[in-house]
Amino acid sequence: MNDYVAINRANWDERAPAHAASPDYGFDRFINDPGHLSSVVRFDRPRLGDLTRLRALHLQCHIGTDTVSLARLGATMSGLDFSSAALHQARRLATGTGSSIDFRHAEVYDAVDVFGREGFDLVYTGIGALIWLPDVARWARVVADLLRPGGRLFIREGHPMLFALDETTDPPYLRYPYFETTEPLIFDEPGTYVETETEFTHGLTHEWNHGLGETITALLDAGMRLTGLTEHDSVPWQALPGQMTIDQTGEWRLTRHPERLAASYTLQAIKE
């Protein structure tokens, strides 16, 4: 089980410079336009509310585009990621945009050791993060420990219904567990989810799905109160190749009958 961190870190260390160079992450747009926000943050802008002067932590921040976007909305940001290569790119973006962000290198379950307890008004987690963690209940306890009383968790994540589908078949079918399992789902796949000509050598990953009910129950058990849950028919990447169409905001949904698939969700919870 402990090998999953090293295996996944090798994968993300290799992806990071390719992602930063890709037009899909758009570093140049951030640097050239002080008002530019990532598509992920723009999508949830109405639900985020006023972030002015909030002390906020972005867990699993990757190369920092969402982190910089939240800083531009007024939050005092910190970011945490287990990939030093990703954090190198995140710091480069922050410098290029004049953003003051405290980026730290650690595995997500060690976040309290790094930042201390109850120091944040907001913990934010962007899309595609929880599937890299084997234990959603442990993650929920970390989130609760990081938040001050009354502090808020904000997460947008791919829906476990989507992650249970085999995207390589036509049509996709239910192949993978919907619920969390002890053993990981093991994939060895070339490439990544953005436009790049980079050839990767570390395609092996260990991943876990987490049912929506499991995630909510984990947060409730950790002393959080659910305040919002919206399921969406779209995701910000082509999760089912050949089956989805992109809209003008960069969201992908099923070309036919998008109402049949819960593709992502936005969840908010308050620490009691």
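Residues numbered from 1 in each chain as written. Predicted model: local features only at pLDDT ≥ 70, side-chain atom pairs only at ≥ 80, totals over all residues. Heavy atoms only, no water.

Considerations on empty space enclosed by the protein
(1) Moving on: Taken as a whole, this structure holds one cavity of 30 Å³ or more when the rule is applied.
(2) Moving on: Within this model, the largest cavity holds a volume of roughly 60 Å³.
(3) Moving on: If you go around the largest cavity, the residues you meet are Leu130, Ile131, Glu157, Gly158, Pro160, Phe163, Trp208, Asn209, His210, Thr215 and Tyr265.
(4) Moving on: Those elements giving two or more residues to the lining of the largest cavity turn out to be β5 (147–158) and α9 (160–163).
(5) Moving on: Of the residues belonging to the lining of the largest cavity, the class tally is six nonpolar, four polar and one charged. (1 Å grid on protein atoms, 1.4 Å probe; cavity = no way out; pocket = protein on both sides within 12 Å on 5 of 7 lines; lining within 4 Å. Points joined across faces, edges and corners; volume = space filled by probe spheres on them. Helix = DSSP H or I, 4+ residues; strand = E, 2+ residues; numbered from the N terminus. Nonpolar A, V, L, I, M, F, W, Y, C, P; charged D, E, K, R; others polar.)

Some points on the environment of Leu267
(1) Moving on: Its place among the elements puts Leu267 in strand β13 (residues 264–271).
(2) Moving on: Among residues more than four places away in sequence, those in contact with Leu267 are Leu153, Phe154, Ile155, Ile216, Leu219, Leu226, Gly228 and Leu229. (Contact = heavy atoms within 4.5 Å.)

Structural notes on the side chain of His19
(1) Moving on: For His19, the position within the fold is in helix α1 (residues 3–21).
(2) Moving on: Taking relative accessible area as the criterion, His19 reaches 0% and is therefore assigned buried.
(3) Moving on: Side chain to side chain, His19 and His62 meet in a polar contact 2.8 Å long.
(4) Moving on: Setting aside residues no more than four positions away along its own chain, His19 makes contact with Trp12, Tyr25, His62, Ile63, Thr192, Tyr193 and Val194. (Buried < 20%, exposed > 50% of the residue type's maximum accessible area, 1.4 Å probe, protein only. Polar contact = N/O pair within 3.5 Å; in protein donor to acceptor, adjacent residues only side chain to side chain.)

Some words on a nonpolar patch on the surface
(1) Moving on: A cluster of nonpolar residues, Leu220, Leu226 and Leu229, forms a patch on the protein surface that exposes about 230 Å² of accessible area.
(2) Moving on: Tracing the backbone through its elements, the reader meets Leu229 in strand β10 (residues 224–232). (Patch = residues over 30% accessible without salt bridge, like charges linked within 9 Å, V, L, I, M, F, W, Y side chains within 5 Å. Areas by Shrake-Rupley, 256 points an atom, 1.4 Å probe, with all protein chains shown as cover. Salt bridge = Lys/Arg side-chain N within 4 Å of Asp/Glu carboxyl O.)

Focus on the sheet that holds β13
(1) Moving on: The strand order across the open sheet built from seven strands is β3-β2-β1-β4-β5-β13-β10, with neighbouring strands paired in mixed fashion. Of all the strands in the sheet, just β3 (102–105) and β10 have a single pairing partner and so form its edges. Going across the sheet, the axis of each strand differs from the next one's by a mean of 15 degrees, ignoring polarity.
(2) Moving on: For β5 and β13, the ladder comprises seven bridges, and the chain directions are antiparallel. Its bridge partner being in β13, Glu157 is matched across the sheet by Tyr265.
(3) Moving on: Taken strand by strand, helix α10 (residues 212–221) contacts β5, β10 and β13, and its axis lies near 160 degrees from that of β10. (Pairing = 2+ DSSP bridges. Axes fitted to C-alpha atoms, helices over the stretch in contact; angles between N-to-C directions.)

Regarding the nonpolar core
(1) Moving on: Membership of the largest hydrophobic core comes to 39 residues, with the highest contact counts inside it found for Leu59, Trp139, Val143, Leu146, Leu153, Met224 and Leu267.
(2) Moving on: Secondary-structure elements contributing two or more residues to this core are α1, β1 (55–59), α7 (111–115), β4 (120–125), α8 (136–146), β5, α10 and β13.
(3) Moving on: For this core, the element with the most residues is α8, which contributes seven residues.
(4) Moving on: Non-local contacts of Met224, meaning those with residues more than four positions away in its chain, are made with Val143, Ala144, Leu147, Leu153, Leu219, Ala269, Ile270 and Lys271.
(5) Moving on: Core analysis: the next-biggest nonpolar cluster, separate from the first, contains 30 residues, Phe30, Leu93, Ala94 and Phe103 among them. (Core = buried A, V, L, I, M, F, W, Y, C linked by side-chain atoms within 4.5 Å.)

Notes on the pairing of β1
(1) Moving on: Counting buried positions over the five residues of β1 gives four, a clear majority of the element.
(2) Moving on: Bridge analysis of β1 against strand β2 (residues 76–81) gives five bridges, and the strand direction is parallel. In the strand pairing of β2, Leu59 is matched with Leu80.
(3) Moving on: Handedness of the crossover is the feature at issue here: the chain leaves β1, passes through helix α5 (residues 65–72), returns alongside β2, and the resulting connection is right-handed. (Right-handed = clockwise from strand over helix to strand, strands pointing away.)

Brief notes about the packing of α8 against α10
A packed helix pair is summarised by two numbers, namely the angle formed by the two axes and the spacing between the axes.
(1) Moving on: Closest axis-to-axis distance for the α8/α10 pair is 8 Å, and the angle between their directions is 40 degrees. Taken together, the axes of α8 and α10 are oblique relative to one another. Crossing of α8 over α10 shows right-handed handedness. On α10, the residues touching Val136, Ala137, Trp139 and Ala140 of α8 are Glu214, Thr215, Ala218 and Leu219.
(2) Moving on: When grouped by side-chain class, the residues that make up the contact of α8 with α10 number six nonpolar, one polar and one charged. (Parallel < 35°, antiparallel > 145°, perpendicular 65-115°, else oblique. Left-handed = near helix turned anticlockwise from the far one by under 90°.)

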